Amino acid sequence: MSNPKTRQATIELHRLMDDGVLTPRQVANACLHYMSEYDVADMASCEGFIEEEEEEEEQEDEEEQQESDETEVAPEEDADGYRHGDIES
């Protein structure tokens, strides 16, 4: 367990929120504005608040590929050499 003296500011902010002096939203906004975007993204990912960007992009790519595979039909030749699925012009 960490030494309570090392978290004095954290404890004070919690007390101010508990006493109604600050709202949790005020504290969250201050923290989010203070942190770099990298730190915010890292914290959000570690806490499971949001998915990492790469995971979202990979999932979108997989879904697009799956939709494309489902709609693509390969032309087939019959005995007369006619390719079914080709568009005649």
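That block above? That's the structure.
Notes on the structure in this doc start here. Just so it is clear, the model here is predicted, and its values are computed rather than measured.

### Observations regarding the overall build of the protein
No. 1: What the protein contains, in helices and strands, is 4 helices and 2 strands.
No. 2: In the protein, which comprises 89 residues, the share counted as buried stands at 4%.
No. 3: Of the roughly 8,400 Å² that the protein leaves accessible, carbon and sulfur atoms contribute 49%.

### Observations concerning the pattern of salt bridges
In a structure, side chains of opposite charge can pair up when their charged atoms sit close to one another.
No. 1: A complete count under the given rule lists 2 salt bridges for this structure.
No. 2: Note that R15 and E12 form a salt bridge whose closest N and O atoms lie 2.5 Å from each other. Of this pair, R15 and E12 are both found in helix α1 (residues 8–18), 3 residues apart, which corresponds to roughly one turn of the helix.
No. 3: The partly exposed category is assigned to R15, whose relative accessible area is 38%.
No. 4: The exposure class assigned to E12 is partly exposed, which follows from its relative accessible area of 35%.
No. 5: Put simply, D19 and R15 hold a salt bridge, and the shortest N to O gap is 2.7 Å.

### Digging into the environment of Q26
No. 1: With respect to the helices, strands and loops of the structure, Q26 is situated in helix α2 (residues 24–34).
No. 2: A residue is classified by how much of its surface remains accessible, and Q26, at 43% relative accessible area, is partly exposed.
No. 3: From its side chain, Q26 meets the backbone nitrogen of T23 in a polar contact 2.7 Å long.

Cut-off values and rules
- Residues numbered from 1 in each chain as written.
- Predicted model: local features only at pLDDT ≥ 70, side-chain atom pairs only at ≥ 80, totals over all residues.
- Heavy atoms only, no water.
- Helix = DSSP H or I, 4+ residues; strand = E, 2+ residues; numbered from the N terminus.
- Buried < 20%, exposed > 50% of the residue type's maximum accessible area, 1.4 Å probe, protein only.
- Areas by Shrake-Rupley, 256 points an atom, 1.4 Å probe, with all protein chains shown as cover.
- Salt bridge = Lys/Arg side-chain N within 4 Å of Asp/Glu carboxyl O.
- Polar contact = N/O pair within 3.5 Å; in protein donor to acceptor, adjacent residues only side chain to side chain.

Geometric values such as these leave the question of function open.
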